[in-house]
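# Structural characterization, general
Listed below, chain by chain, are the residues.
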Amino acid sequence: MTTIAWDGTTLASDSQSTNSDAVSSLSEQKIFTPCGGDWFINGERIIAIGTAGECGIEEQLFTILPNNLTYKTEFTTEPDFSVIAITDTGRAWLISKDEGKVHASIWPRKESVAIGSGHMIARTAMKCGKSAIEAVNIAIEMDVYSGGAVQSFTINNALHNQ
């Protein structure tokens with residue numbers, strides 16, 4: 001699966017993808033920013049997302065996010081996924097959908113958060129004072145489904161460049 005962590009400033013992820021119990025890639029992109037238009041969740045402009053779950057959800061998200069994702073938004077029944085979306089207000093939103101359902105659960109977060117198979121490791125590391133990047137590195141060491149290089153997006157740089 002993966003590890004994606006948000007510490008209030010930086011969104012970080014591993015870059016490993018797996019197929020069953022085999023590593024497929026160590027260079028999978030999991031953090032995305034809008035290109036060619038804005039993305040929205042409950043009316044807030046998204047500046048970055050980190051995706052965890054089955055491959056292919058990104059294409060659905062790239063189609064839905066420009067139209068403002070809300071709790072009423074419908075997805076296909078497959079696949080299941082989790083997303084951390086960062087808005088230009090600095091707020092993190094969690095988006096989670098289970099296979100077989102068409103609606104995702106969405107809710108805002110005020111504190112650090114992590115998703116994916118290494119989420120508990122990363123959350124614990126951040127509670128102990130580590131940054132999102134450090135937390136993902138720790139998860140890579142301890143979670144068999146996380147690996148590769150750490151990718152990151154820092155909100156202060158993104159807001160400064162707008």
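Residues numbered from 1 in each chain as written. Predicted model: local features only at pLDDT ≥ 70, side-chain atom pairs only at ≥ 80, totals over all residues. Heavy atoms only, no water.

## So, the sheet that holds strand 2 (residues 10-13)
Definition in use: Only when DSSP finds a minimum of two bridges between them are two strands counted as paired. Under the DSSP-based scheme used, a helix requires at least four consecutive residues in state H or I and a strand at least two consecutive residues in state E, with every element numbered from the N terminus. Note on definitions: angles span 0 to 180 degrees between N-to-C directions of axes, and those axes are lines fitted to C-alpha atoms, for helices only across the stretch in contact. Throughout, a residue-residue contact means that at least one pair of heavy atoms, one from each residue, lies within 4.5 Å.
The strand order across the open sheet formed by 4 strands is 11-1-2-12, and the pairing between neighbours is antiparallel. Bordering the open sheet on either side are strand 11 (113-116) and strand 12 (151-154), each of which pairs with just one other strand. Neighbour-to-neighbour, the strand axes of this sheet turn through a mean angle of 10°, independent of strand direction. In the sheet, strand 1 (residues 3-6) pairs with strand 11 via 4 bridges, with the strands oriented antiparallel. Across the sheet, residue Ile4 finds its bridge partner in strand 11, namely Ile115. Against the sheet, helix 2 (residues 119-127) makes contact with strand 1 and strand 11, and its axis sits at roughly 165° relative to strand 11, the strand it touches most. Against the sheet, helix 3 (residues 132-142) engages strand 1, strand 2 and strand 12, with an angle of about 15° to strand 2.

## Looking at the packing of aromatic side chains
Defined as follows: A pair of aromatic rings is counted whenever rings of Phe, Tyr or Trp (Trp by its six-membered ring) have centres within 6.5 Å, and the orientation is called stacked for planes under 30 degrees apart, edge-to-face for over 60 and tilted otherwise. Each residue's exposure class comes from its accessible area (1.4 Å probe, protein chains only) as a fraction of the maximum for that residue type: buried when under 20%, exposed when over 50%, partly exposed otherwise.
Tallied over the full model, the rule gives 3 aromatic pairs. Between Phe32 and Phe62, the ring centres sit 5.3 Å apart and the planes meet at 70°, which makes this aromatic pair edge-to-face. In this pair, Phe32 sits in strand 5 (residues 31-32) while Phe62 sits in helix 1 (residues 57-64), placing the two residues 30 residues apart along the sequence. A residue is classified by how much of its surface remains accessible, and Phe62, at 27% relative accessible area, is partly exposed.

## Focus: helix 2
Because each turn of an α-helix spans 3.6 residues, side chains separated by three or four positions in sequence point in the same direction. Stated precisely, the cut-off is as follows: Each C-beta atom gives one direction from the helix axis, and the arc is the one those directions make.
Considered for burial, the residues of helix 2 that qualify are Ala122, Ala125 and Met126. Looking straight down helix 2, one finds its buried side chains confined to an arc of 95°; they lie on one side. Of the surrounding secondary structure, the elements contacted by the buried residues of helix 2 are strand 1, strand 11 and helix 3. Phi turns positive one or two residues past the end of helix 2, at Gly129, with a value near 95°.

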